[in-house]
Amino acid sequence: MEQHHYDEVNTIWKPILVATEQADAGWIWDYKLRQSQRDERYEAYVLDVDGFPQGLLFIETQWHRSHWSQRWPLVYVEAIATAPWNRSDIEQPPWLKRVGTLLLLYARQRSLDLGYGGRVGLHSLSGAEGFYRRQQIVEHGPDPEKDDLVYFEYNAISA
Amino acid sequence: MDEQRLVDQLKKTGNLMDLTFDPDWLTEAAEDDGPVEAGIMTRPYHDYLKSLTHKQHRSLRLQAQLLGILLPELKQWIESWGLGLSFKPVHLAARQVLYRHLPRLAEEQGNWITALINENSQDLPIAEQAVRSQTSHVIAQMFTVEDWHELAEAATEGMSQTVLQISQIASDKIPATA
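Residues numbered from 1 in each chain as written. Chains lettered and ligands numbered in written order. Predicted model: local features only at pLDDT ≥ 70, side-chain atom pairs only at ≥ 80, totals over all residues. Heavy atoms only, no water.

Q: Can you break down the overall build of chain A residue by residue, with the values?
A: Of the regular secondary structure elements, chain A holds 4 helices and 6 strands. Overall, chain A shows an N-to-C arrangement of helices and strands of α-α-β-β-β-α-β-α-β-β. Since a compact globule built from 159 residues should have a radius of gyration of about 15 Å, the 16 Å found for chain A is in line with a globular shape. For chain A, the spread of C-alpha atoms along the principal axes amounts to about 50 × 35 × 30 Å. (Helix = DSSP H or I, 4+ residues; strand = E, 2+ residues; numbered from the N terminus. Rg over C-alpha atoms; globule rule 2.2 N^0.38 Å.)

Q: Could you give an account of the overall build of chain B, naming the residues involved and the relevant values?
A: On a plain count of helices and strands, chain B comes out with 8 helices and 0 strands. Element order for chain B, N to C, with α for helix and β for strand: α-α-α-α-α-α-α-α. Relative to the compact-globule value of 16 Å for 178 residues, chain B shows a C-alpha radius of gyration of 23 Å, a clear excess of over 25%. Structurally, chain B occupies a C-alpha span of about 60 × 60 × 40 Å along its principal axes. A buried classification covers 42% of the 178 residues belonging to chain B. When contacts within chain B are restricted to residue pairs at least 6 apart in sequence, those whose partners lie at least 24 apart make up 58%. Carbon together with sulfur atoms contributes 56% to the accessible area of chain B, which is approximately 10100 Å² in total. Placing the 15 positive and 25 negative side-chain charges of chain B at their respective mean positions leaves the two points 4 Å apart. (Buried < 20%, exposed > 50% of the residue type's maximum accessible area, 1.4 Å probe, protein only. Contact = heavy atoms within 4.5 Å. Areas by Shrake-Rupley, 256 points an atom, 1.4 Å probe, with all protein chains shown as cover. Lys, Arg positive; Asp, Glu negative; His and termini not counted. Charge placed at Lys NZ, Arg CZ, Asp CG, Glu CD.)

Q: Report on a nonpolar patch on the surface, specifying residues and quantitative values.
A: Residue and element names in this part refer to chain B. Nonpolar side chains collect at one region of the surface, where L85, M159 and V163 lie side by side and expose about 280 Å² of accessible area between them. Tracing the chain through its elements places L85 in the loop between α4 (54-79) and α5 (87-101). On the accessibility criterion, L85 (57% relative accessible area) is exposed. (Patch = residues over 30% accessible without salt bridge, like charges linked within 9 Å, V, L, I, M, F, W, Y side chains within 5 Å. Salt bridge = Lys/Arg side-chain N within 4 Å of Asp/Glu carboxyl O.)

Q: Tell me what's going on with the interface of chain A and chain B, and back it up with residues and numbers.
A: Each partner contributes residues to the interface: chain A has 72 residues there, and chain B has 56 residues. Surface buried jointly by chain A and chain B totals about 5900 Å² across both partners, of which 62% is contributed by carbon and sulfur atoms. Taken together, the connections running from chain A to chain B amount to 6 salt bridges. In this structure, the salt-bridge partner of R87 of chain A is E37 of chain B, at a minimum N-O distance of 2.2 Å. Scanning the region where chain A abuts chain B turns up 22 residue pairs in polar contact (both at pLDDT 80 or more). Broken down by secondary-structure element, the contributors of at least two residues to the side of chain A that touches chain B are α1 (3-12), α2 (29-38), β2 (52-60), β3 (75-82), α3 (99-113), β4 (120-124), α4 (129-134) and β6 (149-154) of chain A. A per-element tally of the side of chain A that touches chain B places α3 of chain A first, with 10 residues. For the side of chain A that touches chain B, the residue count by class is 37 nonpolar, 19 polar and 16 charged. (Buried area = accessible area lost by both parts, 1.4 Å probe. Polar contact = N/O pair within 3.5 Å; in protein donor to acceptor, adjacent residues only side chain to side chain. Nonpolar A, V, L, I, M, F, W, Y, C, P; charged D, E, K, R; others polar.)

Q: Residue-level account of unusual backbone geometry, with values.
A: Residue and element names in this part refer to chain A. At D50, a residue that is not glycine, the phi angle is positive and equals roughly 60°. Mapped onto the elements, D50 comes out in the loop between β1 (42-49) and β2. Look at R98: it is not a glycine, yet its phi comes out positive at around 65°. For R98, the position within the fold is in the loop between β3 and α3. With relative accessibility at 12%, the residue R98 sits in the buried group.

Q: I'd like a description of the sheet that holds β3 of chain A, backed by residues and values.
A: The strands making up a sheet are joined through hydrogen bonds of the backbone, oriented either antiparallel or parallel. All names here are of chain A. Read from one edge of the open sheet, 6 strands run β1-β2-β3-β4-β6-β5, paired in mixed fashion. Edge positions in the open sheet fall to β1 and β5 (138-143), since each of these has one partner strand only. Strand after strand, the sheet turns through a mean of 25° between neighbouring axes, direction not considered. Bridge analysis of β1 against β2 gives 8 bridges, and the strand direction is antiparallel. By the bridge assignment for β2, V49 is matched with F52. The strands touched by α1 within the sheet are β1 and β2, with β2 carrying the most contacts at an inclination of about 120°. (Pairing = 2+ DSSP bridges. Axes fitted to C-alpha atoms, helices over the stretch in contact; angles between N-to-C directions.)

Structure (structure tokens):
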């Protein structure tokens, strides 16, 4: 992900074709982008289709450990989000389908690349848990340390 | 995610992302994800989406459709300018200029955009899209003299940086003298 991706998300994930009084949404993608540029344990990715950002993925790759065993490192999803027009809860049909699935698949591939076996952990926002249940990711229940967001974790991909 | 399919894919190519070329996976991809947001930092974005009106959502949809046409056309047009290493900074600057203009189009340009989106909805081959073929002409009209100067500056700056980088690389390669 480069600075211009962040700039474009900030611009075009908002309605630029109509005049709005939308307050600053307070997104902190730029903070995560800077983190990924400064600190190698953070990585930022954007899915770019038709020349503009369709989804974002921020991951942490060194500090988090598996719920099952502290010996197992994993890729932790700090944030995953899709553009407004790619969400079936808003748009029917969405402009692009399965953007979230693709980004999650990439997180697992990164986990493999890093030697973590495909282990990936994340805290789902309420309302998105259904997506992760359909992805057959193991559910570990609400996490009091993360505002009771439900923690999900993929185990290693075993042959 | 079907774990067995992932295992099979790893055996086959060693890369999960190759699944995206698999027709079966693509068929499954016809399904919707629904909301996918994860991580506390996505909450403001989630709240923002909930705060949008129906009109704003509709506008976002049109925006995606429009950018899906304008941005590839803009890129192709700028590629034809033969800018070499200055292509990327000029392209990025031109996109920003375009975003600035879209909220305040002249009536004629607004009508053209409506026609463009209507034509796009007909799923015609690109070669048969008469309105789309006018894109570079319309964008050229949209850009002001100041905008063109901005692009020229981006080109100059891009080229300068490239030359300076070459200079740095060349100095790094000079062997140390005894």
